[in-house]
Amino acid sequence: MGVSHISNRSDQPLERWSRRGVLTVLGVVPAAVLTGCGGSADASEEAKPSASAKAAATKKPVVSVSPADDTRKAGFGDPVEVTVTDGTLASVEVTGNDGSALAGTYNDAKTRWTSTRNPYSGTKYTVTAQAEGGDARTATFTTRSPGETFVGYFTPEADSTSGVGMPVSVNFTHAVSDKAAVEKAITVTAEPAVEVVGHWFGDTRLDFRPRTYWAAGTTITLGLRLKDVQGQDGVYGTQSKDVTFHIGREQISTVDLAAKEMVVKRDGATYATYPVSGGDADHTTWSGIMVISERFKETRMESSTVGLGDEYDISDVPHAQRLTTSGTFVHGNYWASASVFGSRNTSHGCVGLRDAKGADDNSVAGYRFYESSMLGDVVIVRNSGEQTVDPANGLNGWNLSWEDWKAGSAL
């Protein structure tokens with residue numbers, strides 16, 4: 001190939017060329033040919049972008065939203081997710097028609113955004129997503145409403161002040177099978193800070209308390225994040241709120257039914273001492289630590305409501321303060337002789353103090369003790385001849401050791 005090219009450029013016959021000259025020319029030609037075939041042509045091709053590279057460079061980022069745009073009954077059990085192909089995400093905003101917003105996080109490549117919590121049920125959401133160098137994408141979806149719902153009724157009341165023995169008690173309107181999920185959605189915090197643990201009494205009640213009584217002056221915050229938490233199959237919570245309670249002064253009253261006496265201590269110092277009468281031998285008073293859960297200046301007491309037939313029916317019992325759900329009260333008594341108090345146990349199980357009919361005599365023990373008390377105050381009964389009250393009978397979880405209390409948590 002090289003020789004033919006040379007001969008075309010010469011008028012002289014090939015045989016007149018010297019061998020050295022021919023070799024010299026032949027030595028140059030292959031170099032030129034190699035350069036043309038392997039160097040210049042390749043460099044030229046590399047300088048030009050390939051068809052696939054051109055196509056990739058012109059692709060626009062594509063944003064996708066889950067749940068999909070215009071979904072009418074989207075689930076609310078999974079987070080919202082926004083993804084992009086052929087690009088990266090610049091911003092994502094998810095807002096609900098209830099005024100709420102969903103925060104979220106990106107993956108390292110910024111190709112996926114995931115909400116940090118699930119969307120609420122029965123809510124319309126608008127998703128606005130912007131990819132780098134692309135147009136904003138807007139999508140809407142509406143989550144379905146739950147079939148059945150439950151709420152938790154709590155004690156004490158919001159913004160109330162209670163005694164140092166008051167637990168935070170939540171009673172649910174439906175039985176809870178997924179106790180861990182529900183308990184995880186409820187927080188109880190205290191200031192000054194103290195460890196607070198929940199304990200389940202059956203399937204519908206969850207109480208919270210610290211190891212020992214609350215410190216006087218404590219502020220307690222109950223956080224309910226039950227909305228869309230599944231308590232049992234197909235039954236979801238509806239509440240999302242914070243509630244604050246306060247603890248007042250410390251008052252702990254100890255009733256010794258052997259001595260027929262009650263000693264009231266306020267902030268560690270003896271505040272008052274009252275003669276009392278407890279349950280007789282056939283109707284012994286519960287022993288143990290009890291908490292005042294209801295207070296009535298006057299109330300009706302009927303024996304039939306506590307399984308005692310028609311033994312009594314008193315329409316105006318003064319200064320009654322409930323200690324158990326089953327019917328144990330500490331209350332005033334105007335119908336017994338004054339000599340009974342401090343000397344004999346004659347009641348049907350309640351702790352009685354001398355009082356006056358009408359509940360207006362401020363000189364009697366029943367009146368004075370009632371006026372000095374509040375919900376959540378502790379009343380300890382000793383030497384009653386009865387076993388310790390069941391912790392679930394009233395707000396009386398203090399009768400459980402700390403280890404046994406913590407064992408009742410689902411977490």
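Residues numbered from 1 in each chain as written. Predicted model: local features only at pLDDT ≥ 70, side-chain atom pairs only at ≥ 80, totals over all residues. Heavy atoms only, no water.

Draft legend 1. Examining the pattern of salt bridges more closely. A full pass over the atoms with the stated rule returns 11 salt bridges. Salt-bridge contacts for R322 lead to E294; the nearest nitrogen and oxygen are separated by 2.6 Å. Here E294 lies in strand β25 (residues 294-302) and R322 lies in strand β26 (residues 313-322), a separation of 28 residues in the sequence. A residue is classified by how much of its surface remains accessible, and E294, at 33% relative accessible area, is partly exposed. Here the residues in one salt-bridge network are R300, E302 and D313, joined through shared partners. (Salt bridge = Lys/Arg side-chain N within 4 Å of Asp/Glu carboxyl O. Helix = DSSP H or I, 4+ residues; strand = E, 2+ residues; numbered from the N terminus. Buried < 20%, exposed > 50% of the residue type's maximum accessible area, 1.4 Å probe, protein only.)

Draft legend 2. Examining helix α5 (residues 365-372) more closely. Those residues of α5 that fall on the buried side of the exposure criterion are A365, G366, F369, Y370 and S372. Taken down its axis, α5 places every buried residue within 170° of arc, on the same side. (Arc of directions from axis to C-beta.)

Draft legend 3. Representation of the nonpolar core. By size, the foremost hydrophobic cluster in this structure holds 28 residues, and its most contacted members are F172, V182, I186, V188, L222 and L226. Counting residues per element, the ones that place at least two in this core are β13 (168-172), β14 (186-191), β16 (205-209), β17 (219-225), β20 (240-247) and β29 (378-382). Not counting residues within four places of it along the chain, the set of residues in contact with V188 comprises V168, V196, F208, W214, I220, T221 and L222. (Core = buried A, V, L, I, M, F, W, Y, C linked by side-chain atoms within 4.5 Å. Contact = heavy atoms within 4.5 Å.)

Draft legend 4. Spatial organisation of the environment of S409. As for its position among the elements, S409 is in the segment after α6 (402-407). Residue S409 is classed as buried on the basis of its relative accessible area, which comes to 17%. The spacing of S409 and V197 is 212 residues in sequence and 7.1 Å in space, taken between C-alpha atoms. Look past the residues within four positions of S409 in its chain and what remains in contact with it is E183, V197, G198 and H199. In this structure the side chain of S409 is engaged in a polar contact, spanning 2.6 Å, whose partner is the side chain of E183. (Polar contact = N/O pair within 3.5 Å; in protein donor to acceptor, adjacent residues only side chain to side chain.)

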